[in-house]
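# A structural walkthrough
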Amino acid sequence: MAKYNILMVEDDENIQELVAYNLRKAGWAVAAAGNGEEGLEFALKHMPDIVLLDLMLPGIDGLEVCRKIKAKKPEIPIIMLTAKGEETDIIVGLEMGADDYIVKPFSPKVLIARIKAVLRRGELVDEIDSGKVIIRGELSIHPQKHQVLIGNNKIELTDTEYKLVRYLSERPGWVFTRNQIIDAVRGEDAVVTDRAVDVQIVGLRKKLGSAGALIETVRGVGYRFREEG
């Protein structure tokens, strides 16, 4: 397993020690910061492979730390850790660029699985940007041909529908808000309202048939492409 460097920004020492123990046991190097200022400074200076960021921090809160990291180093993945579980906090964090979130309390196994998923997404970026075929179950997306196939059957999609399925499928498991989706697919015939996103998703699922189940609704937040395995 590659030895990734993980920064955990968490003010609860008990949680900090428990999580660090399990992450090191998984083979990763772990650094810890007890407040937002320390976490922000460390992240920008040392460029960790991923940041685990508690939202409720003394001083600069987690949302502000997330915003500042993503403004200067958008390539650093961030998983938000929150005891709140409130939709507004999750949505704001995702819109600021957070890559995932997990609500406390959580099991170490679940956290490790989510970290691996986010790291895998980063490893896929070069393949996606190079225009290679994206394969998700029975679905294949051909960026250079601007085509979507189920098996050997080409699916006729509008430009917006194509952009939607490609955007979601590029990073399976990643939750996107409706606003993020709107920004990603904006074009001549792009959706422009939250309701329009929902309508487009319904139509896209219908055209994809059984593969439409790969697009999952995350209640109160938005949509994600189902993560395989």
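Structural data are supplied above this passage.
The structure displayed is predicted, hence computed values, not measured ones. (Residues numbered from 1 in each chain as written. Predicted model: local features only at pLDDT ≥ 70, side-chain atom pairs only at ≥ 80, totals over all residues. Heavy atoms only, no water.)

### A word on the overall build of the chain
Tallying secondary structure elements over the chain gives eight helices and twelve strands in all. Looking at the chain residue by residue over its 229 residues, the buried ones come to 47%. Relative to all contacts within the chain whose residues are 6 or more apart in sequence, the contacts with residues 24 or more apart total 59%. (Helix = DSSP H or I, 4+ residues; strand = E, 2+ residues; numbered from the N terminus. Buried < 20%, exposed > 50% of the residue type's maximum accessible area, 1.4 Å probe, protein only. Contact = heavy atoms within 4.5 Å.)

### Structural notes on the pattern of salt bridges
Applying the stated rule across the entire model yields eleven salt bridges. With a closest N to O distance of 2.8 Å, E10 and K104 form a salt bridge. Here the residue E10 occupies a position in the loop between β1 (5–9) and α1 (13–25), and K104 occupies one in the loop between β5 (100–103) and α5 (108–129), the gap between them amounting to 94 residues. Through salt bridges with shared partners, a single ionic network connects E10, D54 and K104. (Salt bridge = Lys/Arg side-chain N within 4 Å of Asp/Glu carboxyl O.)

### Overview of unusual backbone geometry
Following K104, the chain continues into P105 via a peptide bond in cis, with omega recorded as -5°. Examined against the element boundaries, P105 turns out to sit in the loop between β5 and α5. Phi at M47 is positive, roughly 50°, even though this residue is not glycine. Take M47: it is sitting in the loop between α2 (36–46) and β3 (50–54). M47 gets classed as partly exposed once you look at its relative accessible area, which sits at 33%.

### Describing the pairing of strand β2 (residues 29–33)
Summarising the sheet, β1 and β2 pair through five bridges and their orientation is parallel. Opposite N5, over in β2, you have A29 as the bridge partner. Viewed along the sheet, the connection from β1 through α1 into β2 turns out right-handed. (Pairing = 2+ DSSP bridges. Right-handed = clockwise from strand over helix to strand, strands pointing away.)

### Considering the packing of aromatic side chains
Within the structure shown, the criterion is met by two aromatic pairs. A centroid spacing of 5.5 Å and a plane angle of 20° characterise the contact between W174 and F176, whose relative ring orientation is stacked. Judged by relative accessible area, W174 falls into the buried class, the value being 13%. Joined through ring pairs, the aromatic side chains of Y167, W174 and F176 make up one cluster. (Phe/Tyr/Trp six-rings, centres within 6.5 Å; stacked < 30°, edge-to-face > 60°.)

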